[in-house]
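Letter by letter, the chains look like this.
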Amino acid sequence: ERRDPLLAKQYALEQLSLSRQIAYVIGIGYALDNIGSAYQNLGLNDTAQLYYRKAAHQFDSIGHISGSLTANKSIAVTDLAMGQTDSAMMRINAIIETKIEQGDTVSLADEYNFRAGVYKQKGQIDSAVADVLQAIRIFESQGDEVGKAKALIVLGALENFNGNGQKSLEHRLEALAVF
């Protein structure tokens, strides 16, 4: 099955239209986020960010924290793709802080994994490794073997980047055992 961002955009526009017709405010926010996703998949990060920002504003206007976190994570992802590491770091830090305050640990490990990528792009490898290790601890506490394996792959890549080929191989083999 192949991805078709143009078809996804069409469906998201229909979602937006229907949500507006019935005044479903949360649906409008998610439709805007989905339109942003379609543009991002087309490689149009600036346009994607425009829709992600509209989605974040929509969610913020009604106090929908989960939707706001989703939209802000999407903005952070496009920030990173466009090399705007300071903005991506600011957003992911705010997301992590909010999730900790809310007691939302379900996807917290994914946020640490993402922040590790921001740290790596900024050249702060030790901080990236620390975040991946935190993600691994969270995945282990949740019994999420697949999440842990994905984090081990990231850790292996970081170790390889640091010139630690043996550690890199060990982490990747451990991850491979899950799949």
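Just above, that's the structure.
Computed from a predicted model, the values in this text were never measured in an experiment. (Residues numbered from 1 in each chain as written. Predicted model: local features only at pLDDT ≥ 70, side-chain atom pairs only at ≥ 80, totals over all residues. Heavy atoms only, no water.)

**Description of the side chain of glutamine 58**
Now for step 1: By the secondary structure assignment, glutamine 58 is in helix α3 (residues 45–62).
Now for step 2: Glutamine 58 sits in the buried class, given a relative accessible area of 17%.
Now for step 3: Of the polar contacts made by the side chain of glutamine 58, one reaches the backbone oxygen of valine 25; its length is 3.4 Å.
Now for step 4: Apart from residues lying up to four places away in sequence, glutamine 58 is in contact with Val25, Ile28, Gly29 and Leu32. (Helix = DSSP H or I, 4+ residues; strand = E, 2+ residues; numbered from the N terminus. Buried < 20%, exposed > 50% of the residue type's maximum accessible area, 1.4 Å probe, protein only. Polar contact = N/O pair within 3.5 Å; in protein donor to acceptor, adjacent residues only side chain to side chain. Contact = heavy atoms within 4.5 Å.)

**A closer look at the pattern of salt bridges**
Now for step 1: A complete count under the given rule lists seven salt bridges for this structure.
Now for step 2: Between aspartate 131 and arginine 115 there is a salt bridge, and its shortest N-O distance comes to 2.5 Å. Taken as a pair, aspartate 131 in helix α7 (residues 125–142) and arginine 115 in helix α6 (residues 108–121) lie far apart in primary sequence, 16 residues in all. Of the two residues, aspartate 131 and arginine 115, neither departs from the other in class, the shared state being buried.
Now for step 3: As a salt-bridge pair, lysine 148 and glutamate 174 come within 3.5 Å of each other at their nearest N and O atoms. Here lysine 148, found in helix α8 (residues 145–161), pairs with glutamate 174, found in helix α9 (residues 165–178); they are 26 residues apart in sequence, far enough to count as distant.
Now for step 4: Residue lysine 148 is classed as buried on the basis of its relative accessible area of 12%. (Salt bridge = Lys/Arg side-chain N within 4 Å of Asp/Glu carboxyl O.)

**Topic: the packing of aromatic side chains**
Now for step 1: Under the counting rule described, the total for this entry stands at two aromatic pairs.
Now for step 2: Plain terms: the ring middles of tyrosine 39 and tyrosine 51 are 5.6 Å apart, the flat faces sit at 15° to each other, and that makes the pair stacked. Residue tyrosine 39 is found in helix α2 (residues 25–41), and its partner tyrosine 51 is found in helix α3; the two are separated by twelve residues along the sequence.
Now for step 3: With relative accessibility at 15%, the residue tyrosine 39 sits in the buried group.
Now for step 4: Between the NZ or CZ atom of lysine 54 and the centre of the ring of tyrosine 51, over which it lies, the distance is 5.0 Å.
Now for step 5: One Lys or Arg, lysine 120, reaches over the ring of phenylalanine 161 and ends 4.5 Å from the middle of that ring. (Phe/Tyr/Trp six-rings, centres within 6.5 Å; stacked < 30°, edge-to-face > 60°. Lys NZ or Arg CZ within 6 Å of the ring centre and 35° of its normal.)

**A look at the environment of leucine 155**
Now for step 1: Along the chain, the position of leucine 155 falls in helix α8.
Now for step 2: We classify leucine 155 as buried; its relative accessible area is 3%.
Now for step 3: Between the alpha carbons of leucine 155 and leucine 169 there is a distance of 10 Å; along the sequence they are 14 residues apart.
Now for step 4: Among residues more than four places away in sequence, those in contact with leucine 155 are Val129, Val132, Leu133, Ile136 and His171.

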